[in-house]
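# Per-entry structural report
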Amino acid sequence: MGVHVAFEIGDQEAVSKGDVRVVHLPVIEAASIVHRGSMDGISTVYEDLIRWIEDSGLRLAGYSREFYLEMGEQGPAVTEIQVPIAR
C-alpha cells in the first residue's frame, strides 16, 4: 500500500522524478463527510460514514481519500473524507 499526496497544479505538466512518481487517481463515486477538528476524533467520523454507507445499501469499493481543506497549528483542522462506494 502506498500514500498519495496531491497538490493542485492547474494546467502545469508534472513529471516523475527520483522516488516521486506522478500518477492520476481514477474518478470514483464516493460517500463523503467533512470533519472539523483535530485528527484525534477522525476514527469516529470514519465509523459513522461507513455505518451510513452500509445502512444505505451500498458497499465499500476501495481505499479512502482524505483532503485537508484547512490546516491549523497542530495539523489538519478541516478534513474531507471520501470513501469509494459501489451500488
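Further up the page is the structure itself.
Now for a quick tour of the structure. Remember, predicted model here, so these are calculated numbers, not experimental data.

## Some thoughts on the nonpolar core
Among the nonpolar cores identified, the biggest contains ten residues, and these are Ala31, Ile42, Val45, Tyr46, Leu49, Ile53, Leu58, Ile81, Val83 and Ile85. Sorting the residues of this core by element identifies helix 1 (42-55) and strand 4 (75-86) as the ones contributing at least two each. In terms of residue count, helix 1 provides more of this core than any other element does, five residues in total.

## Quick word on the environment of Val78
Relative to the elements of secondary structure, Val78 occurs in strand 4. Each C-alpha atom of the pair Val78 and Gly62 lies 23 Å from the other, and the pair is 16 residues apart in sequence. Once residues lying within four places of it in the same chain are set aside, the contact partners of Val78 are Val34, His35, Arg36, Phe67, Tyr68, Leu69 and Glu70.

## Side note on the pattern of salt bridges
One side chain can pair with another of opposite charge once the charged atoms of both are near each other. Applying the stated criterion across every chain, the model contains two salt bridges. When the shortest N-O distance is used, the salt bridge between Arg87 and Glu29 registers 2.6 Å. In this pair, Arg87 is assigned in the segment after strand 4 and Glu29 in the segment before strand 1 (30-36), connecting sequence segments 58 residues apart. Residue Glu29 is classed as partly exposed on the basis of its relative accessible area, which comes to 38%. Across the pair Arg51 and Asp48 runs a salt bridge whose closest N-O atoms are separated by 3.0 Å. Residue Arg51 and its partner Asp48 are located together in helix 1, separated by three residues, close to a single helical turn.

## Regarding helix 1
A rise of 1.5 Å per residue sets the reference length of helix 1, with its 14 residues, at 20 Å; its end C-alpha atoms lie 20 Å apart and thus fit the reference within 8%. Buried residues of helix 1: Ile42, Val45, Tyr46, Leu49 and Ile53, and no others. Along the axis of helix 1, the buried residues cluster in a sector spanning 100 degrees; they form a single face. Relative to its buried face, helix 1 has exposed residues pointing more than 90 degrees away, namely Glu54 and Asp55.

How each quantity is defined
- Residues numbered from 1 in each chain as written.
- Predicted model: local features only at pLDDT ≥ 70, side-chain atom pairs only at ≥ 80, totals over all residues.
- Heavy atoms only, no water.
- Core = buried A, V, L, I, M, F, W, Y, C linked by side-chain atoms within 4.5 Å.
- Buried < 20%, exposed > 50% of the residue type's maximum accessible area, 1.4 Å probe, protein only.
- Helix = DSSP H or I, 4+ residues; strand = E, 2+ residues; numbered from the N terminus.
- Contact = heavy atoms within 4.5 Å.
- Salt bridge = Lys/Arg side-chain N within 4 Å of Asp/Glu carboxyl O.
- Expected span 1.5 Å × (residues − 1).
- Arc of directions from axis to C-beta.

Coordinates in, geometry out; function isn't part of it.
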